[in-house]
Structure formats: C-alpha cells, structure tokens
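# Structure at a glance
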Amino acid sequence: MAAAAATAVVGVALIFAFVLQTAWPVLTRVGIAQFIFGDTWYPTRGRFGLLPLVAGSAALLLGALLLGAPAGVMTAIFLSEYCPKRLASLLRPAIDLLAGIPSVIYGFFGLISIVPIVRSVFGGAGFGPVAGSLILAVMILPTITSVSRDALEAVPRDYRLGGLALGATQWRTVYDVVVPSAWSGIVTSVVLGVGRAVGETMAVLMVIGNAPRFPRAAGQPISALTSQVALDMAYASGDHRTALFGIAALLLFITMGLVGVGRLTVRRQARQGRRR
Amino acid sequence: MTRRVADWTARAAAWAVAGASIAVLLVIIGQIVIRGLPGFRLSFLVTAPHGIKMEGGVFPMIVASSFLTLLTLLIVGPVGIGAAVYLAEFAGDNRLTRLVRFAADTLAGVPSIVFGLFGLAFFVYFLQMGYSILAGALTLSMMVLPTMLRVSEEAIRAVPASYREGSLGLGATRWQTTLRVVLPAAMPAMATALILSVGRAFGETAAVLYTAGMTPSTPLLPLEGGRTLTVHLYLLATTGYIDPAYRVALVLLAVILSFNLLAGWLMARFRRRFVA
Amino acid sequence: MREKRMKEGTVRRSALVVVILAAVVAVLVALAGCGKQPADQGASETGDQSLSGKIMIGGSTTVLPIAQAAAEQFMAANPQVRVEVQGTGSSEGIKGVSEGVLNIGDSSRELKPEESKLDLVDHKIAIDALALVVNPDNKVTNLTKKQVVDILTGKITNWKDVGGADEDIVVVGRDEASGTREFVQKDIIGEDAKFAADALALPGAGQVKATVAKTPAGIGYVGLGAVDDSVKALKVEGVAPSEATVKGDTYAYHRYLHMFTKGEPTDPTKAFLDFVLGEKFQTETVASEFVPVK
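Residues numbered from 1 in each chain as written. Chains lettered and ligands numbered in written order. Predicted model: local features only at pLDDT ≥ 70, side-chain atom pairs only at ≥ 80, totals over all residues. Heavy atoms only, no water.

### Here's the deal with the overall build of chain B
Helices and strands together make up the secondary structure of chain B, namely 11 helices and two strands. Tracing chain B from N to C terminus, the helices and strands come up as α-α-β-β-α-α-α-α-α-α-α-α-α. Considering only C-alpha atoms, chain B reaches an extent of 70 × 70 × 35 Å along its principal axes. Burial statistics for chain B: of 276 residues in total, 57% are counted as buried. The long-range share in chain B, meaning contacts at least 24 apart out of those at least 6 apart in sequence, stands at 72%. (Helix = DSSP H or I, 4+ residues; strand = E, 2+ residues; numbered from the N terminus. Buried < 20%, exposed > 50% of the residue type's maximum accessible area, 1.4 Å probe, protein only. Contact = heavy atoms within 4.5 Å.)

What follows is the structure in structure tokens.
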C-alpha cells in the first residue's frame, strides 16, 4: 500500500530528474537567463531564446482569463444562486461534459469555426492570439465554473437569509456576503483554470499559427511553450532536443508554482474558517 | 429604485452569461453532430482506413484507443487504489503522505505534452519500448494517477466510520475491515474514479502522439504501436480530410458522453446509499 | 440485509482480486516483452513463400501515405508479416532507423553530412514536386525563382511588387518537422536564409491548402499531389508543375523521397522495398499522388 503511494512520488521524481538531467547541458551552455529571456527562438540556428514563446503563452493566458474567468464565475453564480433547481440539475452535467471534451476536438472546432471568423474580422490568416484565447476561454470555463460553484454552494444558507433579512437585494447579498465567503474557492478555481490554459497543447497548436514571434496583432501568428514542444519533438535532435527539455523543465516549475499558490489559498481559507 | 435596477441587471447578466456558456457547448456539439452524422455508416466503425487518402473507417483506431485505455486502467487502477487505501486508512499525517499529496498535486498539474516528451525519451527510447501501446499506457498512467488517487481517497473517506467500528467491534482485523467492508462500500465511487481517469486517457492526444505512435494498423500486443482516435482526428484535420474528421469527432464525443453518463449514474447510486 | 451486503462484499472483493491479478499478469507479460527489439528477428530465412516478422517504418509525413498504402497491400499478400508505419518527420525517421528502433526510415530529404556516417542505405521510391499555391482570385499566375525566394523570406511583402493587387502577402508555411518545409529551406530559399518571420507554421498540407483557399493574399507550398481546385498552382519561370515537366526536369522544384535502411536490408524488409519499387505499386499507387521513379 505504502509502495503504491510512493509510486506517485517516484513518478514525479523520475520526471523531474529525467527532464532536468536532459535539459542541463543546454541550460548551462546557453545560460538559464539567456535561455528564458533570449528574444529569438530559432533552434535550427542555435538560437534558444524562450521569451517569444513565454510572451505567446502569456498573451493566450491573459486573453483566456479576461474572457473565461468572469464568464466562468458568473455561470457559477447563476447555477448556485439564480438557477431554478430543475434547470440546474440539467446544466451541471452539461458543464461537466464540456470539461470532458478532448482538447483535439476543441482544436478542430477552433480550426474550422473560429479561425475563419477571426480571419474575416481582423484580416491576415486568422491564426493567432485571438483564436487561441477564444478557444482557451471555452476550455477553462467549465473548470472555473464547477470549482467556483462548489465553493459558492458551500456557503451556509444562513448567510444568505441574513443578508436578505437585513433588507439587501438578492444581488447585494450575493455580492457582499456570498461571493466574499467563497472567495478563496473562486481564486482556487481561477488558479486551476490558469494551469489548464498554460498546459493546453493540441487545441492551441491547431489555431495559433505557430510562428515563434512576439504577439503583435490579432490575426498574426504566435507560438506558445507547450505547442512548440509538440511541434518540435518529432524531429529535434542535439541541442534543440535538450532545449525542448528545458521548456519542459520551465513548465514543470510553473506547475509547481501554481500548486504552491493553490495550497496557499487553501491554507488561508482554513485560517479564515477558524477565525469565523 | 437604483438598487432594484442593479438587482435586476445582475440577474439578467447571470442568465445571459450562463446562457452564452451553454450556447457555446450546444454550438460545438451541434456542429459536430450536424456535420458528422449525415453519411455516417456503421461500416465506419468496423472497417480500416485504406488507400493513400485515408478513406474507409476507424476500426484500428477504436481498437488502439480501447487497448491503450484498458492497459492504462490495469496499471493505474491497482496503484491508485492501493495508494488511496494507504492514505485514507493506514497512514496518518506523516511525512510520506504529505509528500505523496504534494507529488500528486504536482503531477495533476503537469501539462500533458511534458508527459508526452518524457514518455518519448524515457519509455520509447531509453527503455527501448518503441512506439507502442505499452509506452503510451505507462505515460498515460502517470498522467491520470492523481485523479485516480484523489477520487478513490475521497470515496474511501466517505464510507461512514460506523462501518469500520462495526467491523472492528465484531473482532475483524484492520486489514479485513478494509478489504471486506470499506473497499466494497467505496466501490461505486472508485468505479467513478476509474471512469473519470479512463475518460481523460481516452481523450488525450499530446501524451500519446509520440509514445503510442500513429501507425494505423490494429494493435494486438502491448508492444505494438497504434493510432488513437484523437491522433487520427488531429491528422485528418491537419491533412485536410474534414468530413471524416467530423465523423471521428462524433465517435469521440459519443464515447466521452457515455463515460460521463456512466460516471454520473454510479455516483448517484453511491450518494443514495450513504446520504439517504 | 447484512448477509446480503456481506455477500455483495465478497463478490466485489473477488472481482477486485481478479482485476489486480490481471493487472499484475499484464504488466509482467509486457515487461517480459520489453527486452525484445523491434528488429527483424522473426524473419524467416526460407524465402518469399513464408515471409514473417515485423517491419517498423517511420519518418517523413510526406512519405507516410505511400508507406501506409504499401503496408496495406504488402500485408494482404504476406499475412505473416506485420508492417507498422509512423509519420513523425524525416529526422525522427533517420534517427529511428540508425538507432535500430525502425527497420526503415522514411525521409523526404537527403542525409545531412553528420548523418552520412550512420551506415544508411538509400532507396529512392518516388519524386515529389512542390507547388506554390495561391488563392484562386489572385491575379498573379507566374513567379520567377528570385521572386519566390524573396516572398518566402519576407523581402517582398506586397503582391503589387510581383504584379498583383495592393495587398500584404500572407505566407502560409509548414512546421519545422515537415519535410516539405525542409525542402523549401534547402533547395529553394537556401540553407542560410530565414523564412519570413510572420510566416505561419501549420502542421499539415491540408491546413495550408484550406488557409490559402480562404485567404485572398495567401501563398503556400504543398506537394503537387495535394493541389486541387480550391487553390491555384503558380508557374515558376513560366513552367507549370506537372508530371511531365517534373520528369522532363523543366519544372524547378522537385525532390526524391527516400526509404533508408541500416546497411543492406534483409527479409522481410528487403521484400517490402522490392514491392514498393515494383512496377505495379509505382504505377497504380505512387502515381496517384507523386511522380513514380521508374
């Protein structure tokens, strides 16, 4: 039993050790700062600067969050506060289903439906940050919705009744009482959404055009950390291959950072809970 | 008066945003059904693709996806349940459990492409498995282990303490209690965990593209390669065969939907048993 | 009630045990198989009648459809042989065959200097011609080789500079793993030149074609076999791409497709290559997408 439990630890250790060990040569040769902050990614020419890819991932994330986070939280508020019970029992599984749709289907949908729309609105070929952000927003919405909803529904009914009894409207009660009580759960949901958006690969790869350049216009192609790995791993060799492991290492550290942030909010929530 | 207006506005906004979110789901599913269903023949499911333009059906991909998922299940099921039993029943809060939880959280957040890159370098090349169902299943196992672990642990913890007390009171050992009382009671919820893991494994693309490979032949042994439905969809979409791509997307959606329904049904049964 | 639950428990427990046992067995079987190399070890030495074994093929996505069609037909004729085909990019194919993971490495490019020391034997199996495609509404019908290079490298950025409308050119390219892109890099714009920085890098010929078909100012490059009515293939130096102009060597952009083996091939790999180069396969299958070598 303990051995089974230890497997998870061994798995993580194995991935970290293997990825870091493989990435080490390029990290030391190029230098970690130059690797992360170098402004050109042209691996076949020995240029291993990740900044354009980091910027691409950041732009996608920002766009996805601007669209997906408010929509996701609002949908959660709707489900827990406004939605008639019977409708809610229909919508919940629908949202869960949205979370379970394979990313390649989102990518396919983006390629067929969203890229042409972006093309006709913004010109260019349509592949780029806008198409990528739209697809990512749709993909993180169910995650944010279901985790936020759980947090909102965990707020005791008394709080709501109290607000209403004091003469507040339903919205004021939600806004001033329910949402603040569920705040750390909502933050957690957004952190999970960030994780999903940063890590998404296939859907992004199919709609952003994959040119490793700094984001500059809606319809101009960009590239992201994850999709670049997926595109290059098929053929990369030598330093290029180790550079991909460098990207993987960076993604691992981002993941650990997000897990850390997630635990911090949970801990803070626990403290607040005690104070109450 | 303004507060009534604000209240009304908020209500309308909640309905509108939630409506839009659901509309997106309907558009994606609707488009795939509308474009995928006409021209869909049962022969699509039972014949192999042939010829230079990948005409014909997806039988080998269905086999590859199922084989891969089943093998993943066989690997991750015992490990995940074993670890969950250890965490929930035997270990208190010790250093190992904290480490396991942190490892599982990290593993849960690692982007699937990092698993894919790791799998290619470690299982395919380092362990010389080649592009194979086994390499893909091992990669996927690492990926879905956290889901499996967490949901199983919750399931075991949800079994009322009175069950254990009753069993221990009758003179059963702790081990007997776990095996004969706790596990059977937690079974439906653990089955849900398995199904959720399976759904993720079945829908994954980035982690299997370069581990299980993309050969369109029917894999019969763990060391043979195969092309999953998701990879097939990706290849069809990028190579430009859009009509069959819709059909594959439809098959994928149907499978994911049935996984979800099955998981929901099992979970409902579980709740009825303990909550009622 | 309690009895029933106990019984259920027992049944479930045995089910659990069965599942765990099955898993252990599966893992053991799998691990036992691990030691095996995907080499020709199953190959029979008694001749064509009883060919058996496994052929692992991987590499260029350009060669993939040919290799796949060949695998189907070859397996139909030799049911004891299992042929597995992967499309992972030329470099991965060359790497795979030289490391023994593959029996045949498909490539749409020649070997790089550092790869020529790997003891690989070259089998040329088809000729691929590269077409430059534009939107059907584009007025431009012909480009010089110099203009092609300048457009692909981003020196010419507006169609009016090559006789078209006043519109910014959108270069719709392929991803770096693609053999097609490597061909353009090596044989058209030159090894040291850089592609236009804004060029798209799409992971499939179909996407390139679909994007060009819907982007008025787009220009892309695809294999001649992929060209259809949705796009317009440009003449280069006044010559339209076709089987005749490729074989006659008047159309500039064409290249050989290769299957590499580590050393001289042995059966069943040898028999497979003979089949691919046979007249029947060349004229019936290769010719439908590419230009046959024979």
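### Here we look at the confidence of the model for chain B
All names here are of chain B. With 97% of its residues at a pLDDT of 70 or more, chain B shows a mean pLDDT of 86. Confidence, read as mean pLDDT per element, is least for strand β1 (residues 49–50) in chain B (76) and greatest for helix α9 (residues 206–209) (92). Two summary scores accompany this predicted model of the complex, namely pTM at 0.84 and ipTM at 0.90. (pLDDT = per-residue confidence, 0-100.)

### Here's the deal with the interface of chain A and chain C
Contacts between the two partners involve 23 residues from chain A, matched on the other side by 25 residues from chain C. Carbon and sulfur atoms supply 53% of the area buried between chain A and chain C, which totals about 2,000 Å² over both sides. Of all residues in chain A, Tyr42(A), Arg45(A) and Tyr235(A) give up the largest surface area on contact with chain C, accounting jointly for 28% of the area buried on that side. Applying the counting rule to chain A against chain C returns two salt bridges. Of the charged contacts in the structure, one is a salt bridge between Arg213(A) and Asp198(C), with a shortest N-O distance of 2.7 Å. Remark: the boundary between chain A and chain C carries five residue pairs in polar contact (both at pLDDT 80 or more). Of all the secondary-structure elements, those providing two or more residues to the side of chain A that touches chain C are α5 (103–122) and α10 (202–207) of chain A. Class assignment for the residues of the side of chain A that touches chain C results in 13 nonpolar, five polar and five charged. (Buried area = accessible area lost by both parts, 1.4 Å probe. Salt bridge = Lys/Arg side-chain N within 4 Å of Asp/Glu carboxyl O. Polar contact = N/O pair within 3.5 Å; in protein donor to acceptor, adjacent residues only side chain to side chain. Nonpolar A, V, L, I, M, F, W, Y, C, P; charged D, E, K, R; others polar.)

### Focus: helix α5 (residues 112–126) of chain B
Residues and elements named next belong to chain B. Over its 15 residues, α5 runs 19 Å from end to end, which matches the ideal 21 Å to within 8%, given 1.5 Å per residue. Counted residue by residue, α5 has 14 buried out of 15 residues, so it is predominantly covered. Gln128 sits one or two residues past α5 and shows a positive phi near 60°. (Expected span 1.5 Å × (residues − 1).)

### Topic: the pattern of salt bridges
Going through the model one piece at a time under the given rule, you end up with 29 salt bridges over all chains. For the salt bridge of Asp176(A) with Arg172(A), the shortest nitrogen-to-oxygen distance reads 3.1 Å. Separated by four residues within a single helix, Asp176(A) and Arg172(A) lie in helix α8 (residues 170–181), roughly one turn from each other. One salt bridge connects Arg157(B) with Glu153(B), and the closest N-O pair in it is separated by 2.9 Å.

### Regarding the pairing of strand β3 (residues 104–107) of chain C
Residue and element names in this part refer to chain C. Where burial is concerned, the two faces of β3 agree: the one with Ile104 and Asp106 and the one with Gly105 and Ser107 are both buried. In the sheet, strand β1 (residues 53–59) pairs with β3 via three bridges, with the strands oriented parallel. Note on β3: the bridge partner recorded for Gly58 is Gly105. Bridging between β3 and strand β11 (residues 254–262) involves three bridges; their strand directions are antiparallel. Note on β11: the bridge partner recorded for Gly105 is Phe260. (Pairing = 2+ DSSP bridges.)

### Side note on the side chain of Thr169(A)
Take Thr169(A): it is sitting in the loop between α7 (157–165) and α8. Among the residues examined, Thr169(A) registers a relative accessible area of 4% and is labelled buried. Here Thr169(A) is in contact with Leu164(A), Arg3(B), Arg4(B) and Asp7(B), once residues within four sequence places are set aside.

### As for the interface of chain A and chain B
Across the boundary between the two partners, chain A contributes 65 residues, which contact 68 residues of chain B. The contact between chain A and chain B buries some 6,000 Å² in all, and 84% of this surface belongs to carbon and sulfur atoms. In this structure, the connection of chain A to chain B is made through one salt bridge. Asp105(B) is paired through a salt bridge with Arg263(A); the nearest N and O atoms lie 3.3 Å apart. Our count for the contact surface shared by chain A and chain B stands at five residue pairs in polar contact (both at pLDDT 80 or more). Classifying every residue of the side of chain A that touches chain B by side-chain character gives 49 nonpolar, 13 polar and three charged.

### Details of the packing of aromatic side chains
For the coordinates displayed, the defined rule picks out 21 aromatic pairs over all chains. On the basis of an interplanar angle of 70° and a centroid distance of 4.9 Å, the ring pair of Phe108(A) and Tyr246(B) is categorised as edge-to-face. Highlighted residues: Phe108(A) in helix α5 and Tyr246(B) in helix α11 (residues 242–275), drawn from two different chains. A relative accessible area of 2% places Phe108(A) in the buried class. Ring centres of Phe202(B) and Phe259(B) lie 5.8 Å apart, and the angle between their planes is 85°; this geometry places the pair in the edge-to-face category. Of this pair, Phe202(B) sits in helix α8 (residues 174–203) while Phe259(B) is found in helix α11, placing the two residues 57 residues apart along the sequence. We classify Phe202(B) as buried; its relative accessible area is 7%. The ring of Tyr125(B) is capped by Lys95(C), whose NZ or CZ atom sits 3.9 Å from the centre of that ring. (Phe/Tyr/Trp six-rings, centres within 6.5 Å; stacked < 30°, edge-to-face > 60°. Lys NZ or Arg CZ within 6 Å of the ring centre and 35° of its normal.)

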